[in-house]
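Summary of the model geometry
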Amino acid sequence: MLGLDFGDRRIGVAVSEGRIAVPLTIIEHKNRAADLARIVALAEREGAMAIVVGMPLAPDGGEGEQARLTRKFGEQLAAAVALAVVYQDERLTSFDVASARAGRKNKPIDDLAAAAILQRYIDAQEHAS
């Protein structure tokens, strides 16, 4: 599986190694077509069976503007790739990776956020079965 932390300037990407999510890369936003092509290529290279997109829900669980943009991106991604595209609540992900920020001073942590999102999805699937 691939995990994505979608943002306006960057897209963090993580991959699952068994039941563990690990950071893979950060895609600097160019344009939507180029971003989608890069993700599709990564999914093929990594042998992904699904793509998990972090959904930035509001504290009350509702969807605001960023969630709407993320859902639109997910729909475009689903049309570009022959894989399931699913969403995972990413609330409080920044707290999950806050300690990593100290070790990556002035460097983006979008890939770490993607790994946290993907790990939450993996853990939720394990608890559901």
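What this report covers is the structure whose coordinates are included nearby. (Residues numbered from 1 in each chain as written. Predicted model: local features only at pLDDT ≥ 70, side-chain atom pairs only at ≥ 80, totals over all residues. Heavy atoms only, no water.)

Considering the pairing of strand β3 (residues 20-28)
So the rule is basically this: Here the rule is simple: two strands pair whenever DSSP picks up at least two bridges between them. Put simply, DSSP H or I for four residues or longer makes a helix, DSSP E for two residues or longer makes a strand, and each gets a number counted from the N terminus.
Taken together, the eight bridges between strand β2 (residues 10-17) and β3 define a ladder with antiparallel strand orientation. Considered in β3, the bridge of R10 is made with E28. Hairpin remark: β2 followed by β3, antiparallel, with two residues in the connecting loop; positive phi at G18, about 70 degrees.

Some remarks on the packing of helix α1 (residues 32-46) against helix α2 (residues 65-80)
Applied cut-off: Orientation is described by axes fitted as lines to C-alpha atoms, over the contacting stretch for helices, and by angles from 0 to 180 degrees between their N-to-C directions. When describing relative orientation, an angle under 35 degrees is termed roughly parallel and one over 145 degrees roughly antiparallel, while 65 to 115 degrees is termed roughly perpendicular and anything else oblique. Should the near helix be turned anticlockwise from the far one by less than a right angle, the crossing is termed left-handed; should it be turned clockwise, right-handed. Residue contacts follow a heavy-atom distance rule, with two residues in contact if any of their heavy atoms lie within 4.5 Å. Under the grouping applied here, Gly and all other residues not named as nonpolar or charged are polar, the nonpolar ones being Ala, Val, Leu, Ile, Met, Phe, Trp, Tyr, Cys and Pro and the charged ones Asp, Glu, Lys and Arg.
At a closest axis distance of 10 Å, the pairing of α1 and α2 adopts a crossing angle of 55 degrees. It follows from the interaxial angle that α1 and α2 lie oblique. Seen from above, α1 lies across α2 with right-handed handedness. From α1, R32, L36, I39 and V40 reach across to α2, where they touch F73, Q76, L77 and A80. Residues that form the contact of α1 with α2 fall into these classes: six nonpolar, one polar and one charged.

Concerning the sheet that holds β3
Judged by pairing direction, the sheet is mixed, and its five strands sit side by side in the order β3-β2-β1-β4-β5 without closing on themselves. Looking at which strands have only one partner, the edges of the open sheet turn out to be β3 and β5 (84-89). Neighbour to neighbour, the strand axes of the sheet diverge by 25 degrees on average, direction disregarded. Two strands pair when backbone bridges link them, and strand β1 (residues 2-6) and β2 are joined in this way by five bridges, in the antiparallel orientation. Its bridge partner being in β2, L4 is matched across the sheet by V13. Sheet contacts for α1: β1, β2, β3 and β4 (50-55); angle to β3, the most-contacted strand, approximately 150 degrees. Of the strands in this sheet, β1, β2, β3, β4 and β5 are in contact with helix α4 (residues 110-128), which crosses β3 at around 140 degrees.

Points about α4
Basically, it comes down to this: Here the expected length of a helix is defined as 1.5 Å per residue gap, with one fewer gap than residues. With a 1.4 Å probe rolled over the protein chains alone, any residue whose accessible area is under 20% of its type maximum counts as buried; one over 50% counts as exposed, and the rest are partly exposed.
Across its 19 residues, α4 extends 27 Å between first and last C-alpha, which sits within 8% of the 27 Å expected from 1.5 Å per residue. When we look at burial in α4, the residues that qualify are D110, D111, L112, A113, A114, A115, A116, I117, L118, Q119, Y121 and I122.

Comments concerning the pairing of β1
Of all five residues that make up β1, five are buried, and the element is covered over most of its length. The two faces of β1 match: L2, L4 and F6 on one face and G3 and D5 on the other face are all buried. A loop of three residues connects β1 with β2, the two strands running antiparallel in sequence. Note: β1 against β4, three bridges, orientation parallel. Within β4, the residue paired with G3 across the bridge is V52.

Concerning the environment of S16
We apply this condition: Think of a polar contact as two N or O atoms within 3.5 Å of one another; within protein, one of them needs to be a possible hydrogen donor and the other a possible acceptor, and neighboring residues in sequence only count if both atoms come from side chains.
Within the secondary structure, S16 is located in strand β2. Spatially, the C-alpha atoms of S16 and I122 are 8.6 Å apart, while their sequence positions differ by 106 residues. In this structure S16 touches M1, A21, L118 and I122, once residues within four positions along its chain are discounted. A distance of 3.0 Å separates a polar atom in the side chain of S16 from the backbone nitrogen of M1.

Nothing here speaks to function; it is geometry throughout.
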